[in-house]
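Examination of the molecular architecture
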Amino acid sequence: MGSVVDVTEGMFFPDEKNVMVVRDLSKYFPVRRGLSDVILRRPARFVRAVDHIDLDIPEGKILSLVGESGCGKTTTGMTLIRLYDPTSGSIFFEPKEETLDKLKREVGNLDIYNGYIDIAKLPAKYVKFLRTDMQIIFQDPYSSLNPTYRIYDILEEPLKVHGIGESEDERRDMVLKALEEVKLVPAEDIAARFPHMLSGGQRQRVAIARALLLNPKFIVADEPIAMIDVSLRAEILLSLMELRDKHKITILFITHDLTIANNISDYIAVMYLGKIVEIGTPDEIVNNPLHPYTKALIKAIPIPDPSMRNKLKDIWIKGEVPSAVNIPSGCRFHPRCMDYEFHPEIQERCRNEEPKLIEVEKGHYAACWLY
Amino acid sequence: METILKVEGLKTYYFTSTGVVKAVDGVNFTMQRGESLGIAGESGCGKSTLAYSLMNLVPPPGKIVDGSIILDGMDIAKMDEDSLRNEVRWKKVAMVFQGAMNALTPVYKIGKQLAEPLVIHGNISEDEAIEKAKEILPKVGLDPNIINRYPHELSGGMKQRVMIAMALIMNPDIVIADEPTTALDVIVQAQILNLLKKLKWEMGINLILISHDLSIMAEVVDRLIIMYAGKIVEIGNSEDVFGKPNHPYTQGLLNSIPKLGTHELNYIPGLPPDLRNPPKGCRFADRCPYVMDICRREEPPMFEVGNGHYSYCWLNR
Ligand SMILES: Nc1ncnc2c1ncn2[C@@H]1O[C@H](COP(=O)(O)OP(=O)(O)OP(=O)(O)O)[C@@H](O)[C@H]1O
Ligand SMILES: Nc1ncnc2c1ncn2[C@@H]1O[C@H](COP(=O)(O)OP(=O)(O)OP(=O)(O)O)[C@@H](O)[C@H]1O
Ligand code: SF4
Ligand SMILES: [Mg+2]
Ligand SMILES: [Mg+2]
């Protein structure tokens, strides 16, 4: 078929080359129907976890996806690397050359756009070929490593599965090198241990080493420091930044903490109830937030300065997050929006029309009728 | 100033099959009426164990092995179970337990679950507890009818408000909130911290806030205790601890807080010691950038480094 649209041309970061270009992507989960739903023949309902999003992911950069619990961050990450099958939309991804060759051989009619393929359309049985290119690091370092295996075996397994490394010796070298890469030294000593003999921070670095072993282009790091002590978090973050700088690995960093996103990312995307509502550089997002939701997130961040403790903190948002099953009409944020309160002239639009992500200032995008 | 709580030489150990975990190992501090006190430190340093000790409710194999906890002229550390139930728990000292909001069982209504700990540890009937809960719920921003709902119908923030209401039912003097916002989003966290402040101002609650997150402490507490490996390493007014941190551990912790507007990332290399076998001198010595010979030989005593500001570090010798 081929295509005339140049999908490698992103829409958000003109100065970047993108490893991934996501267009109109959705992931809905069916809500379990109760007996009364069936009897009354109520229509099936869906959790709209990811709801028609556009995103570009620049190569060799860290892009943070930020938002409150349940807004769809994990679902986005899992869908982008095809751990979930998308409901609709496209994910154009540029695989490694050898992966592309393999896919060309295996898949009958593979559409290739400038070296990119739409992995959203890749039939499930070929998804395994993407694992050498895309990996995920999970939040919980306690459950993500099999407790009955030694670290060495945990790390060697993916190499065996993907037929990487000619001999046992070669694989051993790769495993030890990966441990050294994330500063788990002496690597031989660490490799011989079981997960319970490591601290949470060390385990999380094992998870990073495991993701690294297949030499992926793209890593989704899903809240990798949420369960790690504050005093040790920076160590993990610095490891991730080193992967970016030394190996040009692209990272989608998922967090609910804007302060951390601000510290490690090149770009930030803010998500609310299945939608991306703002995209920009960390400095822009933090110093000049455009979307009222982003403003609320920033105002709520606790500040390590005791001089304000005798006042209540100003909370720039109303109520609680609605369910992703009954998404409000128009701008889905309007029932909670403070700017809505203060701008009667836009209220009708906010209630009825969904705002699109537009470039409000150079390189800074927001989906809000204020702009 | 009126001292409402005085803890001296407190030791609480866990007697496990692999050794004795010295989770709280010789802790001294006082709390004045009207002040909010914070207890901060890394995971496993003994914050929750200290909190449980203040209610004399340490779960087995843990035990208070030494020291005193003086409240209203009584020594809670030495009281028998009956007096604790009748006079202390929930009535004088109540607690919002770490992780409890996620331990609500799905099968019972909120009201029943709210009443249960009070019935067990506090000599009050279920009906009475539920009646009292109805009065308290509006104070934490909830509709009293919530007692007829099930946990899955509530958001995380609402569940935590229920837990706070539970602590308030018997009108206690001291409320301990153990990591009350750790599982919550930043906006809900800000709402809960505002609620705790309001309760303090409006109901005269003496709050003890426990958290590993120093930013949260700064938002709420007047005085701050920094714990490391079962011991207090620094204690002082918030202004002093944040403005002039004395102990190298406190300095390291403050440095590890990621800040908006900077792109600096710092951490404290190394790990805390095993509490079954803590090192003999200063427990922080292995991670301390300023470690000296004496630090490894002798435990640092308490040094007064400012007005009401104390630090356990040999650098002040
Ligand atoms: N496997 C699933 N089946 C049904 N619903 C799901 C599933 N996974 C997620 N959801 C729902 O989709 C929405 C988005 O969830 P998701 O886990 O992606 O959010 P998140 O932003 O990662 O949240 P958190 O910060 O809590 O990890 C939520 O409403 C969630 O309940
Ligand atoms: N029931 C128990 N049996 C044995 N050891 C325990 C028990 N409970 C806690 N400990 C140990 O006591 C020490 C202090 O634990 P505690 O829960 O008081 O720490 P904490 O500062 O509250 O940590 P966190 O921030 O993770 O909540 C830790 O080393 C812990 O492993
Ligand atoms: S006593 Fe010594 S080792 Fe301990 S904190 Fe002070 S300088 Fe560091
Ligand atoms: Mg998630
Ligand atoms: Mg605890």
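Every value quoted in this text rests on a predicted model; they were computed, and no experiment measured them.

1. Some thoughts on the overall build of chain B
- Within chain B, the regular secondary structure consists of 10 helices and 12 strands.
- A total of 317 residues make up chain B; the buried ones form 58% of that total.
- Considering only contacts within chain B whose residues lie at least 6 apart along the sequence, 62% involve residues at least 24 apart.
- Side chains of chain B carry 33 positive and 38 negative charges; the gap between the two charge centres is 2 Å.

2. Describing the overall build of chain A
- Secondary structure summary: chain A contains 13 helices and 12 strands in total.
- The globule rule puts the C-alpha radius of gyration for 371 residues at 21 Å, and the 22 Å found for chain A is close to it.
- Expressed as a percentage of the 371 residues in chain A, the buried residues total 56%.
- In chain A, once contacts between residues fewer than 6 apart in sequence are set aside, the share between residues at least 24 apart is 67%.
- Carbon and sulfur atoms make up 51% of the accessible area of chain A, which amounts to about 16,400 Å² in all.
- Seen as two clouds, the 48 positive and the 55 negative side-chain charges of chain A have centres 5 Å apart.

3. Quick word on the site of ligand 1
Residue and element names in this part refer to chain A.
- Taken together, 14 residues surround ligand 1, and among them S69, G70, K73, T74 and T75 come closest.
- In the model, an oxygen atom of ligand 1 is placed 2.9 Å from a nitrogen or oxygen of the K73 main chain.
- Contact distances for ligand 1 include 2.7 Å between an oxygen atom and a side-chain N or O atom of T74.
- For ligand 1, whose accessible area on its own is 630 Å², the fraction buried by protein is 63%.
- Looking at the shell around ligand 1, the elements that each hand over two or more residues are β2 (46-58) and α2 (73-80).
- Among the elements that make up the shell around ligand 1, the one with the highest residue count is α2 (three residues).
- Taken together, the residues of the shell around ligand 1 sort by class into six nonpolar, five polar and three charged.

4. Description of the sheet that holds strand β3 (residues 62-66) of chain A
Residues and elements named next belong to chain A.
- Spatially, the eight strands line up as an open sheet ordered β6-β7-β8-β3-β9-β10-β12-β11, and their pairing is mixed. Pairing within the sheet leaves two strands with one partner each, and these edge strands are β6 (134-137) and β11 (358-361). On average, each strand axis in the sheet is inclined to that of its neighbour by 25°, with strand direction left out of account.
- Both β11 and strand β12 (residues 364-366) contribute to a ladder of three bridges, which runs antiparallel.

5. Some details on the packing of aromatic side chains
Residues and elements named next belong to chain A.
- Inspection of every chain in the model, using the stated rule, returns 17 aromatic pairs over all chains.
- Geometrically, the ring pair formed by F92 and Y113 is edge-to-face, given 5.3 Å between the ring centres and 85° between the ring planes. With a gap of 21 residues between them, F92 in strand β4 (residues 88-93) and Y113 in the loop between α3 (97-106) and β5 (117-118) connect regions that are remote in the sequence. Each member of the pair, F92 together with Y113, is buried.
- Arranged with centres 4.9 Å apart and planes meeting at 80°, the rings of Y272 and F333 form a pair that is edge-to-face. Here the residue Y272 occupies a position in strand β9 (residues 267-272), and F333 occupies one in the loop between α11 (292-300) and α12 (338-342), the gap between them amounting to 61 residues. Per residue, the accessibility class of Y272 equals that of F333, and both read buried.

6. Remarks on the coordination of the magnesium ion (ligand 5)
All names here are of chain B.
- At this site the magnesium ion (ligand 5) is bound by S48 (OG) and Q98 (OE1), with donor distances of 2.0 to 2.1 Å. Of the two residues, S48 is situated in helix α1 (residues 47-54) and Q98 in the loop between β6 (93-96) and α3 (110-122); the sequence distance between them amounts to 50 residues.
- Overall, S48 belongs to the buried group, its relative accessible area being 19%.
- Note on Q98: relative accessible area 46%, which makes it partly exposed.

7. Some remarks on helix α4 (residues 126-136) of chain B
Residues and elements named next belong to chain B.
- Every buried residue belonging to α4 is among A129, I130, A133 and I136, and all of these are buried. Axial view of α4: buried residues confined to an arc of 115°, hence all on one face. Residues D127 and E135 are exposed on α4 and point more than 90 degrees away from its buried face.

8. Looking at the interface of chain A and chain B
- Listed per partner, the contact involves 45 residues of chain A and 42 residues of chain B.
- Between chain A and chain B, the buried area comes to about 3,800 Å², and carbon and sulfur atoms account for 62% of it.
- On inspection of chain A and its partner chain B, the count reaches three salt bridges.
- The partner of A:K313 in a salt bridge is B:E219, and the shortest N-O contact between them spans 2.8 Å.
- Breaking the side of chain A that touches chain B down by element, the ones donating at least two residues are α8 (230-247), α9 (258-264), α10 (282-287) and α11 of chain A.
- Broken down by element, the residue count for the side of chain A that touches chain B peaks at nine residues, all from α8(A).
- Split into classes, the residues belonging to the side of chain A that touches chain B amount to 25 nonpolar, 10 polar and 10 charged.

9. Some thoughts on the pattern of salt bridges
- Evaluated as defined, the whole model comprises 43 salt bridges over all chains.
- Across the salt bridge formed by A:K183 and A:E242, the nearest N and O atoms sit 3.1 Å from each other. One end of the pair, A:K183, is in the loop between α5 (168-181) and α6 (187-191); the other, A:E242, is in helix α8, and 59 residues separate them in sequence.
- Here B:K200 and B:D222 are joined by a salt bridge, their closest N and O atoms 3.4 Å apart. Placement of B:K200 in helix α6 (residues 186-203) and of B:D222 in the loop between α7 (214-220) and β9 (223-228) is noted, with a sequence separation of 22 residues between them. For the pair shown, B:K200 and B:D222 are each scored as buried.

10. Quick word on unusual backbone geometry
- Backbone torsion omega between A:V185 and A:P186 reads -5°, so that peptide bond is classified as cis.
- At the junction of B:P60 and B:P61, the peptide bond is cis and its omega measures out at 5° in the coordinates.
- Positionally, B:P61 belongs in the loop between α1 and β4 (62-71).
- You will see that B:W90, though not glycine, has its phi angle at about 70°, which is positive.
- One can find B:W90 in the loop between α2 (81-88) and β6.

11. Examining a nonpolar patch on the surface
- Nonpolar side chains collect at one region of the surface, where A:L35, A:I39 and A:L40 lie side by side and expose about 360 Å² of accessible area between them.
- Position of A:L35 among the secondary structure elements: in helix α1 (residues 35-39).

Thresholds applied
- Residues numbered from 1 in each chain as written.
- Chains lettered and ligands numbered in written order.
- Predicted model: local features only at pLDDT ≥ 70, side-chain atom pairs only at ≥ 80, totals over all residues.
- Heavy atoms only, no water.
- Helix = DSSP H or I, 4+ residues; strand = E, 2+ residues; numbered from the N terminus.
- Buried < 20%, exposed > 50% of the residue type's maximum accessible area, 1.4 Å probe, protein only.
- Contact = heavy atoms within 4.5 Å.
- Lys, Arg positive; Asp, Glu negative; His and termini not counted.
- Charge placed at Lys NZ, Arg CZ, Asp CG, Glu CD.
- Rg over C-alpha atoms; globule rule 2.2 N^0.38 Å.
- Areas by Shrake-Rupley, 256 points an atom, 1.4 Å probe, with all protein chains shown as cover.
- Near = heavy atom within 4 Å.
- Polar contact = N/O pair within 3.5 Å; in protein donor to acceptor, adjacent residues only side chain to side chain.
- Nonpolar A, V, L, I, M, F, W, Y, C, P; charged D, E, K, R; others polar.
- Pairing = 2+ DSSP bridges.
- Axes fitted to C-alpha atoms, helices over the stretch in contact; angles between N-to-C directions.
- Phe/Tyr/Trp six-rings, centres within 6.5 Å; stacked < 30°, edge-to-face > 60°.
- Donors = N, O, S within 2.8 Å, 3.2 Å for Na, K, Ca; no water.
- Arc of directions from axis to C-beta.
- Buried area = accessible area lost by both parts, 1.4 Å probe.
- Salt bridge = Lys/Arg side-chain N within 4 Å of Asp/Glu carboxyl O.
- Patch = residues over 30% accessible without salt bridge, like charges linked within 9 Å, V, L, I, M, F, W, Y side chains within 5 Å.

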